[in-house]
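Structure assessment
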Amino acid sequence: MKMIRNIVAGAALVFGLLLLSVPAFAHHSFTAEFDMKKPVTLSGTVSKVDWINPHAYMYIDAKDGSGNVVTYQVESRGTGEMHRLGLSKQKLLGATVTVGGYAAKDGTKNLVYLRHVKFADGSEYEIWAGPEAEGSQGNAQ
């Protein structure tokens, strides 16, 4: 009887571990969607924040090269990591910020991966934990 209980417990443990790994399979790679050779700098107002996992998103209303206001979707790390860095949804929402990051590879959407964020009061947060890229400070957009 004890042996059967151990087998059932072991099977339940394996099944539980498999269930926990499912989100990891759905997670995309940075290099699959973003290009480190396309640094971007945006300045504007955070109009919306999606504080969800596996990535938090902020939407920044910034002017494009023609002076038109465009909403950029800025993807960041998970909410837990953002909290550990000292950021929160409340701190971001409505803030005037300058962000540096990397543009999407396909170039058709206003999507940027966040590297760092600077607030109007001068406080800065380095979000990036990846390798250094050429021109990592970005170009004004």
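All values derive from a computational prediction rather than experimental measurement.

Thresholds applied
Residues numbered from 1 in each chain as written. Predicted model: local features only at pLDDT ≥ 70, side-chain atom pairs only at ≥ 80, totals over all residues. Heavy atoms only, no water. Helix = DSSP H or I, 4+ residues; strand = E, 2+ residues; numbered from the N terminus. Buried < 20%, exposed > 50% of the residue type's maximum accessible area, 1.4 Å probe, protein only. Contact = heavy atoms within 4.5 Å. Areas by Shrake-Rupley, 256 points an atom, 1.4 Å probe, with all protein chains shown as cover. Pairing = 2+ DSSP bridges. Phe/Tyr/Trp six-rings, centres within 6.5 Å; stacked < 30°, edge-to-face > 60°. Lys NZ or Arg CZ within 6 Å of the ring centre and 35° of its normal. Salt bridge = Lys/Arg side-chain N within 4 Å of Asp/Glu carboxyl O.

A word on the overall build of the protein chain
Of the regular secondary structure elements, the protein chain holds four helices and seven strands. N-terminal to C-terminal, the α/β element order of the protein chain is α-α-β-β-β-α-α-β-β-β-β. For the protein chain, the proportion of its 141 residues judged to be buried stands at 35%. The long-range share in the protein chain, meaning contacts at least 24 apart out of those at least 6 apart in sequence, stands at 58%. Accessible surface, the protein chain: about 8,500 Å² in total, of which carbon and sulfur atoms supply 58%.

Quick look at the pairing of strand 5 (residues 111-119)
Two faces make up the sheet, and in a regular strand the side chains alternate between them. Most of strand 5 sits out of view: eight of its nine residues are buried. Across three bridges, the pairing between strand 3 (residues 69-75) and strand 5 is parallel. From the neighbouring strand, V74 faces strand 5, where its bridge partner is V112. Across seven bridges, the pairing between strand 4 (residues 96-104) and strand 5 is antiparallel. Counterpart to V97 in the pairing with strand 5 is F119. Two elements, strand 5 and strand 6 (residues 124-126), share three bridges in a ladder whose sense is antiparallel. The residue bridging H116 from the neighbouring strand is E126, located in strand 6. The antiparallel hairpin formed by strand 5 and strand 6 contains four residues in its connecting segment, where G122 sits at a positive phi of about 95°.

A look at the packing of aromatic side chains
Each aromatic ring pair is specified by the distance between its two centres and by the angle formed by the two planes. Counting across every chain of the model gives four aromatic pairs. Here the guanidinium or amino end of K48 rests over the ring plane of Y59, the centre of that ring lying 5.0 Å away. Above the face of the F119 ring, K91 is positioned so that its terminal group lies 4.7 Å from the ring centre.

Observations regarding unusual backbone geometry
That bond from N53 to P54 is cis: its omega, 15°, falls within 30 degrees of zero. Among the structural elements, P54 can be located in the loop between strand 1 (34-50) and strand 2 (57-63).

Remarks on the pattern of salt bridges
According to the stated counting rule, one finds two salt bridges in the structure shown. Between R77 and E81 there is a salt bridge, with the nearest N and O atoms lying 2.3 Å from each other. For R77, a relative accessible area of 22% translates into the label partly exposed. Classification of E81 as partly exposed rests on a relative accessible area of 28%. Residue E126 pairs with R115 through a salt bridge whose shortest N-O separation is 3.6 Å. Residue E126 is found in strand 6, and its partner R115 is found in strand 5; the two are separated by eleven residues along the sequence. Judged by its relative accessible area of 44%, E126 falls in the partly exposed class.

Interpretation in functional terms is not warranted from these geometric data alone.
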